[in-house]
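# Survey of secondary and tertiary structure
Below, each chain spelled out in residue letters.
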Amino acid sequence: MERTTVLITGCSSGIGLGLAVRLAADAARRFKGNGATRHWGGAAPPGVSPGQAGTGGRPGADSAARAVLSPAVFATMRDLAKGERLLERLGGRCPDTLEVLQLDVTDPRSLAAAAQRVQGQRLDVLVCNAGVGLMGPLETCSDQAMKSLFDVNLFGAVRTIQAFLPAMKRRRAGRIIVSSSIGGLQGLPFNSVYCASKFAVEGLCESLAIVLRPFNIHLTLVECGPVNTSFLANLQRPDPEGSELQGLDAETRGLYRRYLRHCQSLFCDAAQEVDEVLQVFLEAIGTPCPPLRCVTTQRFAPLWRLRLASPDGSAYVGAMHDFVFGRGEAGGDRP
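Residues numbered from 1 in each chain as written. Predicted model: local features only at pLDDT ≥ 70, side-chain atom pairs only at ≥ 80, totals over all residues. Heavy atoms only, no water.

What follows concerns the environment of S180. Its place among the elements puts S180 in strand β5 (residues 174-181). Considered as a pair, S180 and R293 are 113 residues apart in the sequence and their alpha carbons are 9.3 Å apart. Leaving out residues up to four positions away in the same chain, S180 has contacts with K198, E202, L221, V222, E223 and C224. There is a polar contact of 2.7 Å between the side chain of S180 and the side chain of E202. (Helix = DSSP H or I, 4+ residues; strand = E, 2+ residues; numbered from the N terminus. Contact = heavy atoms within 4.5 Å. Polar contact = N/O pair within 3.5 Å; in protein donor to acceptor, adjacent residues only side chain to side chain.)

Direction vectors running N to C along helix α4 (residues 143-153) and helix α5 (residues 155-171) enclose 25 degrees, while the axes themselves pass 3 Å from each other. Classified by the interaxial angle, the pair formed by α4 and α5 is roughly parallel. When α4 is examined against α5, the residues F150, D151, V152 and N153 are found in contact with a partner set consisting of F155, G156, A157 and R159. Looking at the contact of α4 with α5, its residues break down into four nonpolar, two polar and two charged. (Axes fitted to C-alpha atoms, helices over the stretch in contact; angles between N-to-C directions. Parallel < 35°, antiparallel > 145°, perpendicular 65-115°, else oblique. Nonpolar A, V, L, I, M, F, W, Y, C, P; charged D, E, K, R; others polar.)

Spatial ordering of the open sheet is given by β3-β2-β1-β4-β5-β6-β7, a layout of seven strands whose pairing is parallel. Edge positions in the sheet fall to β3 (98-102) and β7 (293-295), since each has one partner strand and no second. The mean inter-strand angle of the sheet, taken between neighbouring strand axes irrespective of direction, is 20 degrees. Pairing of strand β1 (residues 6-8) with strand β2 (residues 73-77), which is carried by three bridges, proceeds in the parallel orientation. Its bridge partner lying in β2, L7 is registered against F74. Its contacts with the sheet put α5 on β1, β4 (125-128), β5 and β6 (217-224), and the angle it makes with β4 is roughly 170 degrees. (Pairing = 2+ DSSP bridges.)

Okay, the pattern of salt bridges next. Throughout the structure, instances matching the rule amount to ten salt bridges. Note that R22 is salt-bridged to D275, the shortest N-O span being 3.5 Å. Linking R22 in helix α1 (residues 14-24) with D275 in helix α9 (residues 274-286), this pair joins segments that are 253 residues apart in sequence. Between R293 and E223 there is a salt bridge, with the nearest N and O atoms lying 3.2 Å from each other. Here the residue R293 occupies a position in strand β7, and E223 occupies one in strand β6, the gap between them amounting to 70 residues. (Salt bridge = Lys/Arg side-chain N within 4 Å of Asp/Glu carboxyl O.)

Here α5 is 17 residues long and its end C-alpha atoms lie 25 Å apart, about the 24 Å a rise of 1.5 Å per residue gives. Of all the bends in α5, the greatest, near 40 degrees, is centred on L165, and the proline P166 appears no more than four residues after it. The set of residues buried in α5 consists of G156, A157, T160, I161, F164, L165 and M168. Trailing α5 by a residue or two, R172 shows a phi angle of about 55 degrees, which is positive. (Expected span 1.5 Å × (residues − 1). Bend = angle between axes of the 7 residues up to and from the residue. Buried < 20%, exposed > 50% of the residue type's maximum accessible area, 1.4 Å probe, protein only.)

Okay, here's the thing in structure tokens:
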């Protein structure tokens, strides 16, 4: 079976980490390397001495033993120090199917270095998974926070695709998988800037997919709902009792508190496990003709279908308000 080479961004945690582990440990060896030297981003992985790097963590291996299979899975992350979690998931050994690279999607020089490392290998699949979140009343979102979000979620995806697309075009083959969100299909309260970035990603990919069709390059958006990862814990959001909301009107503060309670309940009741979401990514990688969009959960299908069925948007706005805050309630805290 011919091997498949994959590069994934955002592998320090969550979906990216899980996908890198799943592909690198693939029992069918569909991602087996091809016989060149592998590295850990030019340095030893955390917990492995420089003399062990590239030898699967085996102590005492000499330099000749490091000429092992080149990786078929390039797991990238902004901070290589966070690669320790990836190594732990692989049993403390860096397999010959994996290479961890430093890649910051906001830094063109970092992207160029990663593209140079992969140059000469046939990159079959590019997974644009790096992303950040921003939650809260719009009035509390600073210019810097909004620019940083777009720099990762939208422009980071653009830069990454720009870096690897020319080689795919020359081969007239490849596929690009982009981590999107239910928030790219429908507006979500107190996620206006995040949803704006994901709406932009959806428009980017839909437009690009049309142009890539003659090149035999498939582009797929994987639209996730709530997933049990550290994403929610790590996203920027103001404390509902903190100073950031002091200048905000009481009704909006009340709505925000209720939205946070709604989120907590939703994650308890409806959040998917990472392994369930990974199946959608694996199908997008393995399907001969993957679709433009794959939704990982049908939990919110009635709402996004209502958005499409109601051209003026009023039915969706009302339904989403009732879903989050309760039917017929205008807002604020209730006694």
